[in-house]
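Residue-level structural notes
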Amino acid sequence: MLPGAPHLARTADGRLRLEGHVLADLGRRFGTPLFVYSRAAMRDAVAAYQRALQGRPHLVCYAMKANSSLAVLQTFAQAGCGFDIVSGGELERVLAAGGDAAKVVFSGVGKTRAEMRQALQAGVRCFNVESTSELDTLSQEAVALGRVAPVSLRVNPDVDAGTHPYISTGLKGNKFGIAHDEALAAYRHAASLPGLRVVGIDCHIGSQITQVAPYLDALDRVLDLVEAVEAAGIAIHHVDVGGGLGITYTDETPPRADEMVAALLARLDARGHGHREVLLEPGRSLVGNAGVLLMEVLVLKPGSAKSFCIVDAAMNDVMRPAMYEAWMGIEPCLLRAETARTWDVVGPICESGDWLGRDRTLAVQPGDLLAMLSAGAYGMAMSSNYNTRPRAAEVLVDGDQVHLIREREQVADLFAHERLVRD
Ligand SMILES: *Cc1c(COP(=O)(O)O)cnc(C)c1O
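Note that the structure is predicted; figures quoted are calculated from it, not measured. (Residues numbered from 1 in each chain as written. Predicted model: local features only at pLDDT ≥ 70, side-chain atom pairs only at ≥ 80, totals over all residues. Heavy atoms only, no water.)

Taking 1.5 Å per residue as the helical rise, helix α8 (residues 213-231) with its 19 residues ought to reach 27 Å, and the 27 Å between its terminal C-alpha atoms agrees with that figure. Among the residues making up α8, those that are buried are P214, Y215, L216, A218, L219, D220, V222, L223, L225, V226 and V229. Its buried side turned inward, α8 meets β9 (149-156), α7 (180-192), β11 (196-202), β12 (238-240) and α9 (257-270). G233 occupies a position one or two residues after α8 and carries a positive phi of about 90°. (Helix = DSSP H or I, 4+ residues; strand = E, 2+ residues; numbered from the N terminus. Expected span 1.5 Å × (residues − 1). Buried < 20%, exposed > 50% of the residue type's maximum accessible area, 1.4 Å probe, protein only. Contact = heavy atoms within 4.5 Å.)

And the structure:
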């Protein structure tokens, strides 16, 4: 009934609880919209990866774009994770949260020179490079700083991850990665540049992947390249298989992290690559089902064609439905005895795309609190201030502790950096 969220439960009194905390109480105490995360759920999710990798050289790099709030990063840093970053801003967040730059891999198809310098100075573990042009620029910047940049090439394995086109990244037509048939030449080029040292290979084929097969296909393609590159005399230390493991939003049945990792390790062994260090870059699967978004019902608008349940959260708080037509579970924080009817749950933003859930069967009244489930990933991190809406607050529950980890933004914050024209 509550898909995929191990620390979320509805108790016999009809109340929805996260790690035992009554969500309706948290919503009243901190106000709505409010993200609430379970620290235990995050720790359990990362432990599943780490257990499966035990005994092997490995590093789990949390893909922090999924949720980059400092206390979330702190939780993963304490669990021994590295981080997969995609901007200089994310690097600053890692350092502010107590993370270790030496465990950071820097991904992204368009890094600026300033970001390269920042990451070189911080001493990141590896740059995941996506083009020969980027190799040239990075080498120049490293030489200018008197450093050597550790590089991995992100190759595009041209496999179909079987996911939404906007979150599929490993196909030939995607902007990401170096084409398979150009990768060997790119490695030769990297090895020839004075500012670079080749350390690995990486790929990332997409997000919300619900099968093991695309990972194995991608790994096979990557290992073909490893063999070709090493035959050319260029050593490759680590293999980074990217992130992308899906979670259960409704009825998806993705493999568990330990199943996925076991299959990858078996394939590495079978092909004689069992000694290599394995890197993974999970994002969604570490935080997605650790969080909920609480919202209050503002207005009910029953109609003959459609009935609307208008809530105080909107597409600026969680973009996934508007952007990918994603289905997110929506549950009342307290069950009502009344009979349910079918509602479109929508936000107050002036866009018809501002919907959170369509055709949901709910018994609700204005003033009730609802919880959007599986909202821990790509929720807060993708939020905006559209319609001059301050971003939500965030709470982390941890056993009997409740921590406010981000204060609600104030409207004055939103235009603090704006200037009127002097006439
Ligand atoms: C987004 C991204 C990830 C994480 O993807 P999830 O689906 O959240 O696991 C990992 N690596 C790279 C390069 C990414 O862009």
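Having seen it, we continue.
With that out of the way, let us pick up the sheet that holds strand β3 (residues 21-22). Strand order in the open sheet made by the three strands is β1-β2-β3, with antiparallel pairing throughout. The sheet is open, and its two borders are formed by β1 (8-10) and β3, each paired with just one other strand. One ladder, built from two bridges, connects strand β2 (residues 16-18) with β3; its direction is antiparallel. Bridging from a neighbouring strand, R17 pairs with V22 of β3. (Pairing = 2+ DSSP bridges.)

The next point concerns the packing of aromatic side chains. What the rule picks out here adds up to four aromatic pairs. Taking the centre distance of 6.2 Å and the plane angle of 20° together, the rings of F35 and Y37 count as stacked. Accessibility assignment for this pair places F35 and Y37 in one class, buried. A centroid spacing of 4.4 Å and a plane angle of 35° characterise the contact between Y62 and F76, whose relative ring orientation is tilted. Of this pair, Y62 sits in strand β5 (residues 58-63) while F76 sits in helix α3 (residues 70-78), and the two are 14 residues apart along the sequence. For F76, a relative accessible area of 0% corresponds to the buried category. Chaining the aromatic ring pairs together yields one cluster made of Y62, F76 and F83. Sitting over the ring of W343, R341 keeps its end group 5.1 Å from the ring centre. Stacked on the ring of W355, the Lys or Arg R358 has its end atom at 3.9 Å from the ring centre. (Phe/Tyr/Trp six-rings, centres within 6.5 Å; stacked < 30°, edge-to-face > 60°. Lys NZ or Arg CZ within 6 Å of the ring centre and 35° of its normal.)

Position of D44 among the secondary structure elements: in helix α2 (residues 39-53). What makes D44 partly exposed here is its relative accessible area of 43%.

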